[in-house]
Amino acid sequence: MELFSHLAVGFGVAFTPINLLYAFIGCLLGTLIGVLPGIGPLATIAMLLPATYALPPVSALIMLAGIYYGAQYGGSTTAILVNLPGEASSVVTVIDGYQMARQGRAGPALAAAGLGSFFAGCVGTLVLAAFAVPLTEVAFKFGPAEYFSLMILGLIGAIVLASGSILKAVGMILLGLLMGLVGTDVNSGVARFSFDIPELTDGIGFIVIGMGIFGYGEIISNLGKDASERQVFAAEVKGLMPTRDDFRNMLPAVLRGTLLGSALGILPGGGATMAAFAAYTIEKKAKMRPGEIPFGKGNIRGVAGPESANNAASQTSFIPLLTLGIPPNAVMALMVGAMTIHNIQPGPQVMTSNPELFWGLIASMWIGNAMLIILNLPLIGIWIKLLTVPYRWLFPAIVLFCAIGVYSTNNNTFDIWMVGIFGFVGYTFIKLGIEPAPLLLGYVLGPMMEENLRRALLLSRGDWSVFVTRGLSASLLAVAALMLVIVLLPSVKRKREETFVEA
Amino acid sequence: MRIKSQKDFFSGLLFIAVGIAFAWGATSYKVGEAARMGPGYFPLWLGILMAVVGIAVTFTALTIETEDGDRIGKFAWRPLFFVILSNLMFGVLLGGLPSIGLPYMGLSAAIIALTFIAALASNEFNFKEVLILAIVLAVSCYLTFIVALKLQFPAWPAFIAG
C-alpha cells in the first residue's frame, strides 16, 4: 500500500541515529520548559526555536516537533501535580488530575495522561499520513479565491474557539493581520508602517512578537501575582501503574478522546484546547460504571479523555499546515515561522519537492510520542524536583533564554528593543483580559491573505462575487458563516460561556 | 454613564486607537480599488474594521452589567520595569551600541547583568543567591551556545578578545 511505502520512507529518515538524537533532545528540552508553571507550548517553542538554527532542515523540524509534544506533555504534568495548567489545553486536566494527586494517586493520573497521549499520538500520526495525499491533491485545485476563503474560515474558527470574548478575539485577529502587513509590500515595493526604520522594512520578526507577548508578558504577570498564587505544591508520587480497574475505566475514555481529537484537530481554528474541552464534556455525559468516582473528585476518565484528545488534535492540526500551508492555530502559526526560517514554504508542494522531509517529519512525530512516554514516566522524579525549585531562581533563567533566543535569531540588537516593547504590550493584554493567541495567527496569515485577496480580485476585475460563485470557495465561506451563526445563537452562547467558566 | 467593565472599556479604546492609527497611516500609501489594490487598500479596511470592533467592545463595556466591574487591577510596575530593562541591558552588553560608540561586552557579562537586573523584579532579592545563579547560568550558556551549538556570539568583551 502507498501509505506504508510513504511511512517507510519517513521512518528511514527519522530512524537515523542523528535524527533520533535530535528528536530526543527536542522532547527533553520541550518537557523541561513545558513543565515550568505558566509557560505553555507557544512560549516554549518560541524560546527553543533558536536551538534548531544550526541544524539541517529535516533535523530541525524533527527537533521542533519533539519540543512541541514535550511542551504539551510537560504542561499536563504541571496540571496534575501543581494544579496549574501550563497551557490552555490542559485546563480541564487540572480538574480531576489534581484531585487524584491529592488522593495520592498522582502516579496513575500521570500514567493515564501519558499512555492516553501515546495511543492518541499513534492514531493521529496514521490519520495524518492517510489524509496528507488526498488533501494535497485538493490543495492543487485551490485558486486565490479558495485560499482567501479558507483563511477566513480559519480565522472565524479561531474566533469561535477563543476562550474569552468573541469581539475581543476579532479585534486581536485584526491587529495581528495589520502587524503582519508591516514591512515592504511585495507588489509595490512600498515600505508600509516602517517609520523609516531600516529593520522594520523586513517586517516585525515573529520571534519578537512570540517572545515578547507570550514569554515576557507571562513572566511579568506571574511575578505580579502574590507569592501564594503561584506557590507550587508538588504532590508526592507513589507507584505509577494504574490498577486494572483504572485501565478498564480509562480505555473507552482514551478511545473517545482520540476519535474526537483527531476530528477536531483537522478543523481550521480547532486544535488541542477545543478538543480537550469537548472530550471532558463527553466524558461527563458518558454513563458511569458502578462505584466510579464522580467527576471533579478525581475520576481517571477526566484525565485520560482530554489528554488523549489534545494530543490527537495537536497531531492532526499539522494536516492543514502541511497540505494547504495554512496554520489552523497559533502553535502551527509558530511552526510556519520556524519552517520559513529554514527556507521551507509550508504547502502542498512540500510533499512532492521534499518527500523525505515531509514523511520524515510525520514518522518522527510517532517517534517523539514514543520517546515522551519513555522519557516521562521513569524520569518523573526529575520533573517533580524541577517543580520544587523556587520561582525566584527559575524566572531569571527563563528571561535569559528568551533574550538569547531573540538575539540569536538575527544577531541584531534592534530585535531586543522590539521585544521589550512587545513584553509591555503582552502584559497590557493580560491585564485587559485579552487572549493574545489569535493575534499570532492573524500575524502569520496577514500577508498571505492580502496576496490572495489581491490576486482573486485582479482575476475577477474587482468583482467581489468571485468568492461566492466558485463552488469550493462558497462552501468554505458557508461553513465559516455557519460556525459564526451557531456560536452567536443565544443557547449556544450561554453554554459556551458556562464551559469556559467551569474550567 | 458608568463603565460596567473596566477591562473591556479600555480594550475597546485600545482597538479604536490602533485601528484609526493604522487606517490613517494607510491613506498615505496608494489605496487603489478592488481590481487594482494599492499598498494602502488592505490595511485601510482592516484598520476601519478594527476601529468598528473597538467601538462595539466599548459599547458592551458600558451596557452589559458585570459582577465586580471587571477591574483591571494594579499594574505590576516593578517586574515590568526590571524584566524589560534586563532584556535591554542584555542586548546592549552583548552587541554593543555602535550609535554611541559603546563596544560589546560579550555573552558572559551580558548574562550576569541580565540575571541581576531580572532578579530585582522579584521582591525576594538575595545577593549571594543571585550571584551563584548568574555564574551557573553564564557557564552553562557558554558551554551550550558557544561550545556545543557554535552560535556566533562574542563570549568576552571587545577589549579582551579584540
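Preceding block: the structure.
Because the structure is a prediction, the values reported are computed rather than measured. (Residues numbered from 1 in each chain as written. Chains lettered and ligands numbered in written order. Predicted model: local features only at pLDDT ≥ 70, side-chain atom pairs only at ≥ 80, totals over all residues.)

### Describing the overall build of chain A
Phase 1 of the analysis: Helix and strand counts for chain A come out as 22 helices and 2 strands.
Phase 2 of the analysis: Its C-alpha radius of gyration of 22 Å places chain A within 12% of the 23 Å reference for a compact globule of 503 residues.
Phase 3 of the analysis: Viewed in the frame of its principal axes, chain A has a C-alpha envelope of about 70 × 55 × 50 Å.
Phase 4 of the analysis: A burial count over chain A gives 62% of its 503 residues as buried.
Phase 5 of the analysis: Of the contacts formed within chain A by residues at least 6 apart in sequence, a portion of 81% connects residues at least 24 apart. (Helix = DSSP H or I, 4+ residues; strand = E, 2+ residues; numbered from the N terminus. Rg over C-alpha atoms; globule rule 2.2 N^0.38 Å. Buried ≥ 20, exposed ≤ 12 C-beta atoms within 10 Å, placed from the backbone. Contact = placed C-beta atoms within 7 Å.)

### Some points on the overall build of chain B
Phase 1 of the analysis: Within chain B one finds 6 helices and 2 strands.
Phase 2 of the analysis: Starting at the N terminus and ending at the C terminus, chain B contains elements arranged as α-β-β-α-α-α-α-α.
Phase 3 of the analysis: Against the compact-globule benchmark of 15 Å for 162 residues, chain B has a radius of gyration of 24 Å, which places it well outside the compact range.
Phase 4 of the analysis: Each of the three principal axes of chain B carries a C-alpha extent, and together these read 60 × 50 × 30 Å.

### Concerning the interface of chain B and chain A
Phase 1 of the analysis: Taken together, the contacts link 57 residues of chain B with 53 residues of chain A.
Phase 2 of the analysis: Of all the secondary structure elements, the ones that give two or more residues to the side of chain B that touches chain A are α1 (6-26), α2 (41-63), α3 (77-95), α4 (106-119) and α5 (127-148) of chain B.
Phase 3 of the analysis: With 12 residues, the single largest contributor to the side of chain B that touches chain A is α3(B).
Phase 4 of the analysis: Taken together, the residues that form the side of chain B that touches chain A break down as 39 nonpolar, 14 polar and 4 charged. (Nonpolar A, V, L, I, M, F, W, Y, C, P; charged D, E, K, R; others polar.)

### Observations regarding the environment of B:Asp8
Phase 1 of the analysis: Structurally, B:Asp8 is set in helix α1.
Phase 2 of the analysis: Not counting the four nearest positions on each side in its chain, B:Asp8 is found in contact with B:Val57, B:Thr60, B:Ala61 and B:Asp70.

### Regarding the packing of helix α4 (residues 57-82) of chain A against helix α6 (residues 106-140) of chain A
Residue and element names in this part refer to chain A.
Phase 1 of the analysis: Interaxial distance between α4 and α6 falls to 10 Å at its minimum, and their mutual angle equals 155 degrees. The orientation of α4 with respect to α6, classified from their angle, is roughly antiparallel. The handedness of the crossing between α4 and α6 is right-handed. Counted together, Tyr73, Ser76, Thr77, Ile80 and Leu81 of α4 and Ala106, Ala109, Leu110, Ala113 and Ser117 of α6 form the full contact between these two elements.
Phase 2 of the analysis: Residues that form the contact of α4 with α6 fall into these classes: 7 nonpolar, 3 polar and no charged. (Axes fitted to C-alpha atoms, helices over the stretch in contact; angles between N-to-C directions. Parallel < 35°, antiparallel > 145°, perpendicular 65-115°, else oblique. Left-handed = near helix turned anticlockwise from the far one by under 90°.)

### Overview of the nonpolar core
Phase 1 of the analysis: Among the nonpolar cores identified, the biggest contains 225 residues, and A:Ile45 and A:Ala275 are the most heavily contacted of them.
Phase 2 of the analysis: Both domains that meet at this core, namely domain 1 (6-63) and domain 2 (77-161) of chain B, each give it at least three residues.
Phase 3 of the analysis: Residue contacts for A:Ile45: discarding those within four places in its chain leaves A:Leu64, A:Ile67, A:Tyr68, A:Ala71, A:Val331 and A:Leu334. (Core = buried A, V, L, I, M, F, W, Y, C linked by C-beta atoms within 7 Å. Domains from an automatic or database assignment.)

### Examining α4(B)
All names here are of chain B.
Phase 1 of the analysis: If you check α4, its first and last C-alpha atoms are 20 Å apart, about what 14 residues at 1.5 Å a residue would give, namely 20 Å.
Phase 2 of the analysis: For α4, a buried count of 11 out of 14 residues is recorded, marking the element as mostly surrounded by other parts of the structure.
Phase 3 of the analysis: Taken as a whole, α4 has its buried residues at Gly106, Leu107, Ser108, Ala110, Ile111, Ile112, Leu114, Thr115, Ile117, Ala118 and Ala119. (Expected span 1.5 Å × (residues − 1).)

### Section: the environment of A:Asn19
All names here are of chain A.
Phase 1 of the analysis: Among the secondary structure elements, Asn19 is positioned in helix α2 (residues 17-35).
Phase 2 of the analysis: Sequence separation between Asn19 and Leu178 is 159 residues, and the spatial gap between their C-alpha atoms is 38 Å.
Phase 3 of the analysis: Other than its neighbours up to four places away in sequence, Asn19 contacts Val13, Ala14, Val58, Ser59, Ile62 and Ser364.

### Focus on the packing of α4(A) against helix α16 (residues 355-388) of chain A
Residue and element names in this part refer to chain A.
Phase 1 of the analysis: Relative to each other, α4 and α16 sit at 35 degrees, their axes nearing to 8 Å. You can see that α4 and α16 cross each other, and the crossing is right-handed.
Phase 2 of the analysis: Classifying every residue of the contact of α4 with α16 by side-chain character gives 16 nonpolar, 9 polar and 1 charged.

### Remarks on the environment of A:Leu175
Phase 1 of the analysis: With respect to the secondary-structure elements, A:Leu175 resides in helix α8 (residues 166-181).
Phase 2 of the analysis: Expressed as a C-alpha distance, the spacing of A:Leu175 and A:Gly442, which sit 267 residues apart in the sequence, is 7.4 Å.
Phase 3 of the analysis: Apart from residues lying up to four places away in sequence, A:Leu175 is in contact with A:Leu439, A:Gly442, B:Val18 and B:Met50.

### Here's the deal with unusual backbone geometry
Residue and element names in this part refer to chain A.
Phase 1 of the analysis: The phi torsion at Asn343 lies on the positive side, around 65 degrees, for a residue other than glycine.
Phase 2 of the analysis: Looking at the element boundaries, Asn343 is found in the loop between α14 (330-341) and α15 (349-353).
Phase 3 of the analysis: Given 7 C-beta atoms within a 10 Å radius, Asn343 is considered exposed.

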